[in-house]
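# Structural features, examined
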Amino acid sequence: MTRTAKDFDLGSAHVFLTGSTGFVGQAVLERLITAHQKTTVSLLVRPKGSASGDDRLRTLLRKPVFRTWRESVGDEEVERVASERLRVVEGDLGSVSDLRSDIDIVIHGASTVSFDPPIDQAFDTNVGGALGLYGALAASGSDPHVVHVSTAYVGGIRKGVVPEASLEHEVDWRAEYDAARDARTRVQMASRQPETLRKFISDAQARHGKEGPQAVSRAAEEARTQWVYDTLVDYGRTRAESLGWTDVYTLTKAFAERAAEELWAARGHRLSVVRPSIIESALRHPYPGWIDGFKVADPLILAYGRGMLPEFPGLPDSVLDVIPVDYVVNAILAAAATPTPVGETRYFHVSSGASNPLPFHRMFQNVNEFFTANPMPKEGEGHIQVPTWKFPGGRKVEKAIRTRERLNDQRDRLIERLPSTARTRKWIATVQQRRNDLESLRSFSNLYRAYVQTEIIFDDRRTKALHDSLPAALKGDRGFDVADIDWEDYFQRVHFPSITAMTHAFTKRRQANDRSAAKALPERSDILAVFDFEGTVIDSNIVEQYLWVRSAGYRKAAWPGEALSLLTTLPRYLRAERRDRGEFIRLFLRRYRGMPSVRLQKVVSRGYRELMLRRIMPAAVERIRAHRAAGHRTVLVSGSIGILIEPIAGLFDEVVAGTMHERDGILTGYLAKPPLVDEARAAWLRQYAETHGIDLSSSYGYGDSHSDLGWLELLGNPHAINPDTSLSREAQRRRWNIEDWKRGAHDLANGVSIPGGENSLDEASEGARE
């Protein structure tokens, strides 16, 4: 290798780079390619799915960070660099393949990007990754200068100035690593204990019982899995706090530093540790505002802009230590160009708090001014007015959050008891939005509290000295003097416009997707349109249909006894309906016991038919006809008995419903087969699609009840029609189409015949199949 440290030129060094697909890693690679053009760079890249490491490298080079370079040199030079200067080492830090023995510099930047991951994941990535790297380097026989990229917050919870030096702690990081890796086994075992499983099953039954037993078991298992995840996150958070760190991210980064010191520097190798603070968008290079996704502070900034944070538990005089990514990259490469003496480790705080402090109240003022001048659009119309924070303190903010959560839960329970209407669906959306906002506020409060209430100042004298040693000609392009940053200019002109532009781009994509959902029906013969019956096609239910039958077939003298019987058993029916739709249907249809089937047929063909036609939803008729005109196969599916659907059977290509068992022409009150509801309907739908060559991903479904969820989710175009509260909540969460279909005048009720409407159900269905 040939290089001249005084010019901060890496010469022909062979650089091994980890974390190259990450935010900082991308920027480091871009600088190596453009500013150190004689270097060879080996990149540790993990294959992803069917994409090899080389495929991922080619994709990486098309990212915005390389745009200026690509445009200046052209495609041919980009390909030459990729082929001649860049080498892919496939794998990850836990399984680094054999490394070459001629590595001169290692820049280790790979780590978890979450502050609050499960404890085992955090340790595996940050600590296990360091073990894997230094073990592989030792096995390779190379003796590179390692630049270990850490974080300024590794010092833990403390006050005052933090020196650029090795951390002072006596924690046995190896024992903590072993315990963290074992945590998942312990938590998994606890999640499978009978008392824990019973709680998951009970909650799942209450929320998903109407969808069917498989839905209950899936929900219970999802709850168990989430419990494992949440518990492991809590393990990490709590263990970090008990040892004096803010979170498991900073804890494991501290342990990774200790691993680097013991496994590399203490064994006679060269080590530099670079500790950046909160890294945000580029000030200058590769262009102002470059950023790869939202970073640490950005979710908090955008949540404020959306009006989601009426107050926040920050200390107004706390220093928010922010640093542009290009300053971090310049410092990393400057450190790489000036190796430490053997046996000596250098530490660099790439931070702003000591030389150019940004108090939290000043940051808030910047955010407030920006979103006041550039308000975010409000859904519907208008713009969001951002709040003014008064910094009341953490305890008052926590109390306010708890009060709002309690009030919102009370509203939710009240809405659950109300009939589902367009108004209650708006209330559901409002309650859910408030819940999301409160969860975000609590999450932000927990996650950022340590960073916006900190009283730490990171000493940066060594980093300033490294910058001052740069040649004067390089300082403008490769320098990292934070004293030169004008925070107001950086935030108002560079950073805030950059992150809000990404938000607006996302909003436009989502709006485009929403608009595309309303496009005309495609003309295809392999598409199915499945309609539920009660509450979707007809504004009625099986109780009302029974009353229609009885009113047309009973003497008036028998009505008081029948009404009293129905009222007496109503609570039983309601309980069954809440538990299981199939149970309710079976229970209620027992009321037909003893009725001659001939009489029921006559009743349906006379007065009952007219009553039903008056209750059909005009919008349903229009939609059915539109699907048939487009060549789609229309199917009406009901858990009730088919004879009650005969008056409208001709509207559809096929009707699928139950039949009542009879003995000697008398109905027994039992169904001939189980009712086709919830998961049974979903199973039927899968089999139907396979038999008839139907494309379910392009098909349509229309249902009104929570019990319809299981089959609606199989279809690419589900529609919730006049949905009950539970289905409405789920449809809003999944961004399904929700429509209000009302009863009204239409041609069916005005004497226009339905094709096949006078036929029996079997005849109508048979005719449709032909």
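Residues numbered from 1 in each chain as written. Predicted model: local features only at pLDDT ≥ 70, side-chain atom pairs only at ≥ 80, totals over all residues. Heavy atoms only, no water.

## Observations regarding the overall build of the protein chain
- Secondary structure summary: the protein chain contains 26 helices and 19 strands in total.
- On the principal axes, the C-alpha backbone points of the protein chain span a range of 105 × 60 × 55 Å.
- Here the protein chain, with 770 residues, has 51% of them falling under the buried criterion.
- For the protein chain, restricting intrachain contacts to residue pairs at least 6 apart in sequence, the fraction spanning at least 24 positions comes to 77%.
- Of the roughly 35200 Å² of accessible surface on the protein chain, a fraction of 50% belongs to carbon and sulfur atoms.
- Charge separation in the protein chain, taken as the distance between the mean sites of 104 positive and 102 negative side-chain charges, equals 6 Å. (Helix = DSSP H or I, 4+ residues; strand = E, 2+ residues; numbered from the N terminus. Buried < 20%, exposed > 50% of the residue type's maximum accessible area, 1.4 Å probe, protein only. Contact = heavy atoms within 4.5 Å. Areas by Shrake-Rupley, 256 points an atom, 1.4 Å probe, with all protein chains shown as cover. Lys, Arg positive; Asp, Glu negative; His and termini not counted. Charge placed at Lys NZ, Arg CZ, Asp CG, Glu CD.)

## A few points about the packing of helix α7 (residues 194-208) against helix α8 (residues 213-243)
- Axis separation between α7 and α8 bottoms out at 8 Å; the angle between their running directions is 130°. Judged by the angle between their axes, α7 and α8 are oblique. Viewed along their axes, α7 and α8 form a crossing whose handedness is right-handed. For the pair formed by α7 and α8, the contact residues are Leu197, Phe200, Ile201, Ala204, Gln205 and His208 on the first element and Ala215, Val216, Ala219, Ala220, Ala223, Arg224 and Trp227 on the second.
- Split into classes, the residues belonging to the contact of α7 with α8 amount to 10 nonpolar, two polar and one charged. (Axes fitted to C-alpha atoms, helices over the stretch in contact; angles between N-to-C directions. Parallel < 35°, antiparallel > 145°, perpendicular 65-115°, else oblique. Left-handed = near helix turned anticlockwise from the far one by under 90°. Nonpolar A, V, L, I, M, F, W, Y, C, P; charged D, E, K, R; others polar.)

## Considerations on a positive patch on the surface
- Judged by side-chain charge, Arg572, Arg575, Arg578, Arg590 and Arg593 come together as a positively charged surface patch.
- Structurally, the position occupied by Arg572 is in helix α19 (residues 559-579).
- Accessibility expressed as a relative area gives 46% for Arg572, which makes it partly exposed. (Patch = residues over 30% accessible without salt bridge, like charges linked within 9 Å, V, L, I, M, F, W, Y side chains within 5 Å. Salt bridge = Lys/Arg side-chain N within 4 Å of Asp/Glu carboxyl O.)

## Points about unusual backbone geometry
- Backbone torsion omega between His285 and Pro286 reads 5°, so that peptide bond is classified as cis.
- Note that Pro286 resides in the loop between β8 (278-280) and α10 (298-305).
- Of note, Asp664 is a non-glycine position whose phi angle comes to about 55°, a positive value.
- Looking at the element boundaries, Asp664 is found in the loop between β15 (660-663) and β16 (666-671).

## What to know about the pairing of strand β4 (residues 105-108)
- Side chains Ile105 and Ile107 project from β4 onto one buried face, and the interleaved Val106 and His108 project onto a second face that is buried too.
- Pairing of β4 with strand β5 (residues 145-149), which is carried by four bridges, proceeds in the parallel orientation. Bridge assignment links His108 to a residue of β5, and that residue is His148.
- The parallel pair β4 and β5 is bridged by helix α5 (residues 119-140), and the resulting crossover is right-handed. (Pairing = 2+ DSSP bridges. Right-handed = clockwise from strand over helix to strand, strands pointing away.)

## Regarding empty space enclosed by the protein
- Taken as a whole and assessed by the stated rule, the structure comprises five cavities of 30 Å³ or more.
- Here the largest cavity is characterised by a volume of approximately 140 Å³.
- Taken together, 15 residues form the lining of the largest cavity, with Leu300, Ile301, Leu320, Phe360 and Met363 sitting closest to its centre.
- Elements represented by at least two residues in the lining of the largest cavity include exactly α10, α12 (360-373) and α14 (422-452).
- Ranked by residue count, the leading element in the lining of the largest cavity is α12, at four residues.
- Its residues assigned to classes, the lining of the largest cavity shows 15 nonpolar, no polar and no charged. (1 Å grid on protein atoms, 1.4 Å probe; cavity = no way out; pocket = protein on both sides within 12 Å on 5 of 7 lines; lining within 4 Å. Points joined across faces, edges and corners; volume = space filled by probe spheres on them.)

## Considerations on the sheet that holds strand β1 (residues 14-18)
- The parallel open sheet is built from seven strands, whose spatial order is β3-β2-β1-β4-β5-β7-β10. Pairing within the sheet leaves two strands with one partner each, and these edge strands are β3 (86-90) and β10 (345-350). In this sheet, neighbouring strand axes are inclined to one another by 20° on average, regardless of whether the strands run parallel or antiparallel.
- Summarising the sheet, β1 and strand β2 (residues 40-45) pair through four bridges and their orientation is parallel. Note on β2: the bridge partner recorded for Phe16 is Ser42.
- Where α5 meets the sheet, it contacts β1, β4, β5 and β7 (270-276), and its direction lies at approximately 170° from that of β4.

## Some thoughts on the sheet that holds strand β18 (residues 717-721)
- The six strands lie next to each other as β14-β13-β12-β17-β18-β19, forming an open sheet whose pairing is parallel. If you trace the sheet from one side to the other, it starts and ends with β14 (654-658) and β19 (737-739), each paired once. On average, adjacent strands in this sheet sit at an angle of 20° to one another, irrespective of strand direction.
- Across four bridges, strand β17 (residues 700-703) lies against β18 in parallel orientation. Bridge assignment links Tyr700 to a residue of β18, and that residue is Asn717.
- Running at roughly 150° to strand β13 (residues 633-641), helix α23 (residues 678-692) makes contact with β12 (528-532), β13 and β14 of the sheet.
- Packing of helix α25 (residues 725-734) onto the sheet brings it into contact with β17, β18 and β19, and relative to β19 it is tilted by some 140°.

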